[in-house]
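Coordinate inspection notes
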Amino acid sequence: MKRILLILSVVLCFSSCDDFLDTENLTQKTTGNFPATEKEASEMLVSIYANLLFEDPETSSEYYIAQLASDDCLGGNLSASNNCATNFLMYKNTLNGYSGIWSRCFRLINRANNAISSFPNCKSWSSEKEKNRMYGEAYFLRAIAYYELAQVFGRVPIHTEFESTARPQSEIDDVYKLVADDLQKAIELMPNQIYTFGNSMAGHATKYAAEGYMARVFLYYTGRYAKDALPNGITKSQVIDWIDDCVQNSGHDLVSDQRNLWSYTNAITNNNAEGYKYNYVVNNKLNWANNSAVETMFANKHNLKGNWTYTWWSNTVSQFYSPSGDKMVKKESYPFGQGWGAGPVSPAMVEEWKAWSKKQSYIDGYTEDPRLTGSIWSYKANDPNNVGTVLFDRSLTKDEPAYTVSQRYYEQTGYFQKKYINILAFDGANFVPFGIVMYPNINNPAITSQSLLNIADLIHLRFADVLLMQSELKQDPEGMNRVRARSHLAPLPYSLDNIKNERRWELAFESIRWWDMLRWAGPTLTEAGTILNNQKGFTVINAAVVVPMVEFDYASRLQKTQGYWPIPQNEIDKSNGAYTQNPGWDASALFTDWNNMK
């Protein structure tokens, strides 16, 4: 993936051919003569991958929506923030809040369309396998872009050609038919291989990622819309065959400890002469499996070359979910770095996890689910206005650092998730992003901001998820119990309730919970609304004052929106009547301030 990011600076010019000249254009790259070589085809493919990255999760990624809308997290940040609005299933200021998702996904789709239609221009391929791989990756990327759009917005226009003409919104079944068709082509075209850490192809999609996504799409579509098969006729038995192939033949596997997937377990953070350490990692003998671990099946890749023009080369999700640095003391909160305070973990979620953990049986001498403390930074909340005063202490273990909370931010709960959070190291003089110390030869002297230098993968699909989907599809406990055993939990018989719990805790804070809630609730969405309404009965810290969490009727709001988010108003305006707004997004959904939520 390193080479993917470096080639992003290549400018690809895709203009129309001058057909009236009846001659080959020898001076420009056009849709009639590009790509002429396999290298140029690869550059074209890379230009599609570029649109997986995003500068601002708040406007450009379903990852942000799914995290803040679910019952895993609250909104956070300022009292009038977009974060709080998203948690309350409302909008802030205008209905253009998610225009970044719309434009990013359709840029990706248009580039994928262009690649699929232009690959025949390539005069020669090194092998049929390589040609098929590139076609397969293009189909895969178009599929996941349309899947993201359909999840977020519902009915969206279908484009399968390189064009800028506005088309009417398609029916939801038509969108999912295209997604399933593209994933099937990807499965059939891509080779039987994977790319893990150290492989120059790491970051590229694979046949097995496509098989995993086919299962995800099948479960979501059939659950959300009460169907038995995908719109193109793909049945559950076909999906099971694919996911069995993925589990049995891909070479993907679980890492030894789930906590080792997350960058806070890196060794560099604890390796300094001054003695700065993250005691939780040291005491639990954790060791990062690195990016592109054997469990990672598809992920956004990042590097240390970010700057204020190309911020999206960094993992911006971690920046969003890191705590405010207003009064943060780096020595006190080490190794966690500062960010924009989005997504503080819901105390109700933590209490549910603790209660579930107590009811489980364990193996290997364990007495609690290690994923709970492995996923959540639980801290002593120090008062920013009165040194020595503790507003509350929600530490789950003695080896977690404290945090002096922001004097401005709302919904500080005593908990932050730590799967995606800025992680520091000490370089002998300063607290810096750990990647700088890990890769000292990659020099980026003009940039010191940690917001631009987080190198952790943003994982979209991992093998544990595949095992849990396999169990759910087959109604068989084997995959589920394999995931449980990794975290020292005794086996359980298959039941949907057991699958629901295991997915919730194993995949917590990975922006999967929201979509799981919607699909399990089905068309009525009743179950999802009931779950969301459990976000009450606890206290939070608002602007350094402990207050009760506001009680809000999430269920009613969910019914109004039917689980969809607003199509950007500027797209509706430009469509000249081709698009209509989703239900529930009138003026009554306008969010103004947390203090007005009564």
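Everything below is about the structure shown above.
Scope of this entry: the structure provided in the associated data block. (Residues numbered from 1 in each chain as written. Predicted model: local features only at pLDDT ≥ 70, side-chain atom pairs only at ≥ 80, totals over all residues. Heavy atoms only, no water.)

1. Observations regarding the overall build of the protein chain
Definition in use: The secondary structure listing takes helices from DSSP runs of H or I that are at least 4 residues long and strands from runs of E that are at least 2 residues long, numbered from the N terminus. Using C-alpha atoms as the atom set, the radius of gyration is obtained and then compared with a globule rule of 2.2 Å times the number of residues to the power 0.38. Using a 1.4 Å probe on the protein chains alone, a residue whose accessible area is under 20% of its type maximum counts as buried, one over 50% counts as exposed, and one in between counts as partly exposed. Contacts were defined at the residue level, with two residues in contact if any of their heavy atoms lie within 4.5 Å. Note on areas: Shrake-Rupley, 1.4 Å probe, and residue coverage restricted to the protein chains presented here. Residues scored as charged are limited to Lys and Arg (positive) and Asp and Glu (negative), so that His and the chain ends carry no count. Positions of charges follow a simple convention, taking NZ of Lys, CZ of Arg, CG of Asp or CD of Glu.
Scanning the protein chain from N- to C-terminus turns up 23 helices and 13 strands. Here the C-alpha atoms of the protein chain give a radius of gyration of 24 Å, agreeing with the 25 Å that 2.2 N^0.38 yields for 598 residues. The C-alpha extent of the protein chain, read off along each of the three principal axes, is 80 × 55 × 50 Å. Counting the 598 residues in the protein chain, one finds 63% classified as buried. Taking as baseline every contact in the protein chain between residues at least 6 positions apart, the subset at least 24 positions apart corresponds to 72%. When the accessible area of the protein chain is evaluated, it comes to approximately 22,400 Å², of which 49% is carbon and sulfur surface. Looking at the protein chain, you have 55 positive and 64 negative side-chain charges, and the mean spots of the two groups are 4 Å apart.

2. Notes on the packing of helix H10 (residues 236-249) against helix H17 (residues 463-474)
For clarity, the threshold we go by: Note on geometry: axes are lines fitted to C-alpha atoms, helical ones only across the stretch in contact, with angles between N-to-C directions running from 0 to 180 degrees. It is the rotation of the near helix from the far one that decides the hand of a crossing: anticlockwise by less than a right angle makes it left-handed, clockwise makes it right-handed.
In the contact formed by H10 and H17, the axes pass within 10 Å of each other and the chain directions differ by 145 degrees. In the crossing of H10 with H17, the sense of the turn from one axis to the other is left-handed. Along the contact surface, H10 presents Lys236, Val239, Ile240, Ile243, Asp244, Cys246 and Val247, while H17 presents Phe463, Val466, Leu467, Met469, Gln470, Leu473 and Lys474.

3. Describing helix H18 (residues 478-486)
Taken as a whole, H18 has its buried residues at Gly479, Met480, Asn481, Val483, Arg484 and Arg486. Residues of H18 that are buried sit in contact with helix H14 (347-359), helix H15 (370-375), strand E10 (458-462), H17 and helix H19 (496-506). Where H18 terminates, the next one or two residues include His488, which has phi positive at roughly 65 degrees.

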